[in-house]
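# Coordinate inspection notes
As a plain string of letters, each chain reads:
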2 protein chains.
Amino acid sequence: MSAQGAPFQPVQPVRAYQRVAEQIEDRILSGDLPPGSRLPAERELVNQFAVGRSTVREALRVLQSAGLVRSRPGDPQGAEVLGVTSDNLSRALGRLARSQISTLGELVQFRMVLEAESNRLAARLHSESDLARMSEQIERMESLSKVGLHAFSEADALFHRAVAEASGNSLLGLCARAVHDAVVEVIEQKIAKAADATVWMERSVAHHRQVLAAIRDGDGARAAQLGRQALYDYYADHVEDDTRRLLTAALEDG
Amino acid sequence: MSAQGAPFQPVQPVRAYQRVAEQIEDRILSGDLPPGSRLPAERELVNQFAVGRSTVREALRVLQSAGLVRSRPGDPQGAEVLGVTSDNLSRALGRLARSQISTLGELVQFRMVLEAESNRLAARLHSESDLARMSEQIERMESLSKVGLHAFSEADALFHRAVAEASGNSLLGLCARAVHDAVVEVIEQKIAKAADATVWMERSVAHHRQVLAAIRDGDGARAAQLGRQALYDYYADHVEDDTRRLLTAALEDG
DNA sequence: GAATTCAACTGGTCTGACCAGTCGCCTGGT
DNA sequence: ACCAGGCGACTGGTCAGACCAGTTGAATTC
């Protein structure tokens, strides 16, 4: 042990733009500066922080790349506060997916885990209004399946969001969505959904009805297994051969 | 459907610093510019990209805040490429935790899900060398428990990393680590570990041995349950009262 | 050969300028 | 009284050039 009691902590230099960014970020995260509110103009921030404009701009860049803020040229009201979103999470996961660090198989497996767990928790913790929302989205999916794939996917996303809300864990939902986006980004062009989109959408609606039924029954295991199986069926043929065992392993987890 | 065939896509302006950042990011993600390699100096990038220095700097700020590069004043070799890490994921999750969007209970529950699933998959897919690595880290934890909490935690992290590698899904490990860091950031000061750190470390070593045994036996369910239970025992008293049911629900999943 | 000095870098910051875009007011015509 | 159009005062995006403090490595000195 050290003889002089608490040793001094090493201190690394803190850049000016970091302190500016931290101050603004703290205000946003603390609820001061709520979403929709506006930051002062850059030249005004220069006065308030007593730093150069480039410093202010680098700080704003950091906040913007974190998804906390959005700025638009010529906006007389200054940068808009967006609040905390899952955008940055999605981007981070997307990068992991695009790098060799994680393969498509890992992404899909991860999604299987997240959606299955989301379903399982929803089965345990759902409320009546949650069920109503899920049901509503399934109806929308069915009606939108005649309109187009894009609208259909949107309703699909809303269904999963409703499930995530029912599970009581928004984080699960956000991550699942981020991974979903990452998967789509990586693989979308490889799957020629358009060929039998109608058939696929019909089957998807039927699958979602099954999930909803399992959640309503409080049968977490079945809800989880349904989610896993659907992902497996859909993606198993498209992942690298050597990572398919990951999916198989995840599939048999329940 | 539209009468003119494919409609034109709306186009939003792309800033110069974005294109600079994208070019560099692509090179990093594609494996060109591997971790440890160096970017040219800023003034050299100014020449190569034919933009002003502030533009280059804003691009570098974006990359740096994404955890892809790190720069240091006076470094004659230029910014260092870090590759894709979980840092940004951690920061994003930390922000979600610090805002009202997600509670500590959700974070812990999420961690329960991730670690349990990681353990379960490791039990199914592990190799002998994986087991050796886990065992080695447990030995290190035991010996380091006399040195200090910090060193202990480091070995602990390496154990979980070994588990994640055994599970075949690095994404799970990175996310688990990110959530772990976020939890630590939010709650660390609230838990007075120091008081009975020795006792806690002893119990932790015993717990890790149990997990390792379950993984070695291929008993995924038990490995998962052990992971969940340990987190529950450790954190249940520290989460908000109204989110403890989340942990309970996650606990009873297996 | 080892210690010291120094010059050529580096990234961080500031200043001041210009551009294109946006908004709001103010004017002119109806 | 109302609406259209234009004009100016902003905005953020970009560039150029300068200075500073820090690092590095080679030349210099002992």
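Residues numbered from 1 in each chain as written. Chains lettered and ligands numbered in written order. Predicted model: local features only at pLDDT ≥ 70, side-chain atom pairs only at ≥ 80, totals over all residues. Heavy atoms only, no water.

Overlaying chain A with chain B gives an RMSD of 0.6 Å, the required rotation being 180° about an axis along which the chain moves by 0.1 Å. Expressed as a symmetry operation, the mapping of one chain copy onto the other fits a two-fold axis. Taken together, the interface assignments show that 98% of the residues at the interface of chain A recur at the interface of chain B, consistent with an identical surface on both copies. (Least-squares fit on C-alpha atoms with pLDDT ≥ 70 in both. Contact = heavy atoms within 4.5 Å.)

Within the structure, DNA strand C sits among 26 residues, and A16, G52 and T55 of chain A together with R43 and R53 of chain B are positioned closest to it. Here, DNA strand C places atoms within 4 Å of the protein, and 67% of those atoms are sugar or phosphate. A distance of 3.4 Å is found between a base nitrogen of DNA strand C and a side-chain nitrogen or oxygen belonging to R53 of chain A. Measuring from a sugar or linking oxygen of DNA strand C, one finds a backbone N or O atom of D75 of chain B at 3.2 Å. Within the residue set of the surface near DNA strand C, elements represented by two or more residues are α1 (16-29) and α3 (53-65) of chain A together with α2 (42-49) and α3 (53-65) of chain B. Residues that form the surface near DNA strand C fall into these classes: eight nonpolar, seven polar and eleven charged. (Near = heavy atom within 4 Å. Polar contact = N/O pair within 3.5 Å; in protein donor to acceptor, adjacent residues only side chain to side chain. Helix = DSSP H or I, 4+ residues; strand = E, 2+ residues; numbered from the N terminus. Nonpolar A, V, L, I, M, F, W, Y, C, P; charged D, E, K, R; others polar.)

Once that is clear, we can look at the interface of chain A and chain B. Contacts between the two partners involve 54 residues from chain A and, on the opposite side, 55 residues from chain B. Summing both sides of the interface, chain A and chain B together bury roughly 5,100 Å²; the carbon and sulfur share of this comes to 58%. Counting the contacts that link chain A with chain B gives eight salt bridges. On the surface where chain A and chain B come into contact, there are 19 residue pairs in polar contact (both at pLDDT 80 or more). Residue assignment for the side of chain A that touches chain B shows that the elements contributing at least two residues are α1, α3, α4 (87-98), α5 (104-125), α8 (170-187) and α11 (244-251) of chain A. Among the residues making up the side of chain A that touches chain B, the classes are represented as 27 nonpolar, twelve polar and 15 charged. (Buried area = accessible area lost by both parts, 1.4 Å probe. Salt bridge = Lys/Arg side-chain N within 4 Å of Asp/Glu carboxyl O.)

In this section: the protein's contact with DNA strand D. Taken together, the neighbourhood of DNA strand D is formed by 26 residues, with R53 of chain A together with A16, G52, S54 and T55 of chain B sitting nearest. One of the backbone N or O atoms of G52 of chain B is found 2.6 Å from a phosphate oxygen in DNA strand D. Between a phosphate oxygen of DNA strand D and a side-chain N or O atom of T55 of chain B, the distance comes to 2.4 Å. Of all the secondary-structure elements, those providing two or more residues to the surface near DNA strand D are α2 (42-49) and α3 of chain A together with α1 (16-29) and α3 of chain B. Taken together, the residues of the surface near DNA strand D sort by class into eight nonpolar, seven polar and eleven charged.

Without other data, these values stay purely geometric and don't point to any function.
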